[in-house]
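Summary of structural features
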Amino acid sequence: MLVPALALAVLGASALQASAACLAEIKAADLVAPGSVQLSINPTNPPQQYVDSDGTLKGLNVELADEIATRICTSVTLVRMDFPGMIPAVKAGRIDGMNTGMFWNEERSKILFMVPYGVQSLSIVVAADKNVAVKSAADLAGTAVGVETNSYQEKWLTTYSEKLVAEGAKPITIRAFKTATDVTGALLAGQVDSALLIDSVARSLVEKGRVRETVTGLGENRMSMAFRNKAVADSVVKALVSMQEDGTYKKLFDKFGLRGLPAGQMVAIVGPGPQ
């Protein structure tokens, strides 16, 4: 659902003035609303996307969207919503795509045009003031772990729990919450023993002294944007490739301490798209 206040952020005002520098012209028929690419974002995952004390959207994905808008000479409207509703909203034609750092997987690549643009993994965290020993993912057996609902984290943990059970260990009790903020709140309230978070989110919480990161590098995968229309996806790909070529891409990833694609790997649509 849309957040009632500050639900929309329109980026790339300079992009409204089309010029010869534009990489691609997006036709009105390819957009949900002519003149703007509408992308969902869930601003609860710093430093990818978050809201500052003034209620302003910040983070890597916000600045990427602004730069993309400039290069395609079409504004980008970021629509704030919780992750579980994003894919249904794209499929229903209510928004053009997703800009929330979603993990790539084969299933999603068959229902949306997936554009991987960076790399991330998962980390196990525990409350900073709790003496909880988790030295490996295997130590989660028989414990309660918090994750975001309908997420890559939940799917990875479910598969891993099944593996543990097949090896004779106790299953993991998986407790799912709507957002990473909710997961963290449950952890600090003692509702779960640990939490499985995106690595960058985990480290932002470590910096604030709220959690300890005990294991990282789990389930490494590509974070992706996703689109309902191939023409829109192609335009965004061209913008991101141009950013890779002129150094803007690396500069933004370095600014937020996040990992881009391996050197020499250019942004592209990965997967067949809607079947």
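You'll find the structure just up there.
Residues numbered from 1 in each chain as written. Predicted model: local features only at pLDDT ≥ 70, side-chain atom pairs only at ≥ 80, totals over all residues. Heavy atoms only, no water.

**Section: the pairing of strand E2 (residues 36-41)**
Test applied: The cut-offs for exposure are 20% and 50% of the maximum accessible area for each residue type, with area from a 1.4 Å probe on protein chains only; residues under the lower value are buried, those over the upper are exposed, and the others partly exposed. Helix and strand assignments follow DSSP, with helices taken as H or I runs no shorter than four residues and strands as E runs no shorter than two, numbered in order from the N terminus. When DSSP finds two or more bridges between two strands, those strands count as paired.
Most of E2 is tucked away: 6 of the 6 residues are buried. Along E2, one buried face is formed by Ser-36, Gln-38 and Ser-40 and the opposite face, lined by Val-37, Leu-39 and Ile-41, is buried too. The sheet contact formed by E2 and strand E6 (residues 75-80) spans 6 bridges and is parallel. What sits directly across from Ile-41, in E6, is Arg-80. Where E2 meets strand E7 (residues 97-103), 2 bridges bridge the pair, whose relative direction is parallel. Along E7, the bridge assignment pairs Ser-40 with Met-98.

**Topic: the sheet that holds strand E4 (residues 49-51)**
Overall, antiparallel pairing links the 3 strands, which are arranged E3-E4-E5 in an open sheet. Both edges of this open sheet fall to strand E3 (44-45) and strand E5 (57-58), since each of them pairs with a single strand only. Alignment of E4 against E5, held across 2 bridges, turns out to be antiparallel. Across the sheet, residue Val-51 finds its bridge partner in E5, namely Leu-57.

**Comments concerning the environment of Ala-180**
Our working rule: Any pair of residues with heavy atoms lying within 4.5 Å of one another is described as a contacting pair.
Mapped onto the elements, Ala-180 comes out in helix H5 (residues 180-188). Using a relative accessible area of 1% as the deciding quantity, one classes Ala-180 as buried. Along the sequence, Ala-180 and Lys-230 sit 50 residues apart, while their C-alpha atoms lie 30 Å from each other. Those residues in contact with Ala-180 that lie beyond four places of it in its chain are Thr-44, Asn-45, Glu-148, Leu-197 and Val-201.

**Here's the deal with the pattern of salt bridges**
In plain terms, the rule: What counts as a salt bridge is simple: a side-chain nitrogen of Lys or Arg found within 4 Å of a carboxyl oxygen of Asp or Glu.
Counting across every chain of the model gives 12 salt bridges. Between Asp-234 and Lys-230 there is a salt bridge, with its nearest N and O atoms 3.0 Å apart. In this pair, Asp-234 and Lys-230 both sit in helix H7 (residues 230-246), 4 residues apart, roughly one turn of the helix. Notably, a salt bridge pairs Lys-250 with Asp-254, separated by 2.6 Å at the nearest N-O pair. In this pair, Lys-250 and Asp-254 are both assigned in helix H8 (residues 248-256), 4 residues apart and thus about one turn of the helix distant.

**Regarding the packing of helix H1 (residues 60-72) against H8**
Put simply, the test is: The axes are straight lines fitted to the C-alpha atoms, using for helices just the contacting stretch, and the angles between their N-to-C directions are given from 0 to 180°. Throughout, the term roughly parallel applies to angles under 35 degrees, roughly antiparallel to angles over 145, roughly perpendicular to angles from 65 to 115, and oblique to all others. For a crossing to be left-handed, the near helix must be turned anticlockwise from the far one by less than a right angle; the clockwise case is right-handed.
Where H1 meets H8, the axes come as close as 10 Å, and the angle between the chain directions of the two elements is 160°. Judged by the angle between their axes, H1 and H8 are roughly antiparallel. The handedness of the crossing between H1 and H8 is right-handed. Facing H1, whose interface residues are Leu-60, Glu-63, Leu-64, Glu-67 and Arg-71, H8 presents Thr-248, Leu-252, Phe-253, Lys-255 and Phe-256.

**Details of the environment of Ile-124**
Locating Ile-124 in the fold gives a position in strand E8 (residues 113-127). As a C-alpha pair, Ile-124 and Gly-142 span 18 residues in sequence and 15 Å in three-dimensional space.

**Quick word on H5**
For clarity, the threshold we go by: The arc in question is the one traced by the directions running from the helix axis out to the C-beta atoms.
Residues Ala-180, Val-183, Thr-184, Ala-186 and Leu-187 constitute the buried set of H5. Viewed end-on, H5 has its buried residues packed into an arc of 160°, placing them on one side of the element. Of the residues one or two after H5, Gly-190 is the one with positive phi, at around 80°.

**Considering the pairing of E7**
For E7, the buried fraction is high: 7 of the 7 residues fall into the buried class. Every second residue of E7 is oriented toward a common face, with Gly-97, Asn-99, Gly-101 and Phe-103 on one face and Met-98, Thr-100 and Met-102 on the other, all of them buried. In the sheet, E7 pairs with strand E12 (residues 211-227) via 4 bridges, with the strands oriented antiparallel. Bridge pairing in E12 places Met-102 opposite Ser-224.

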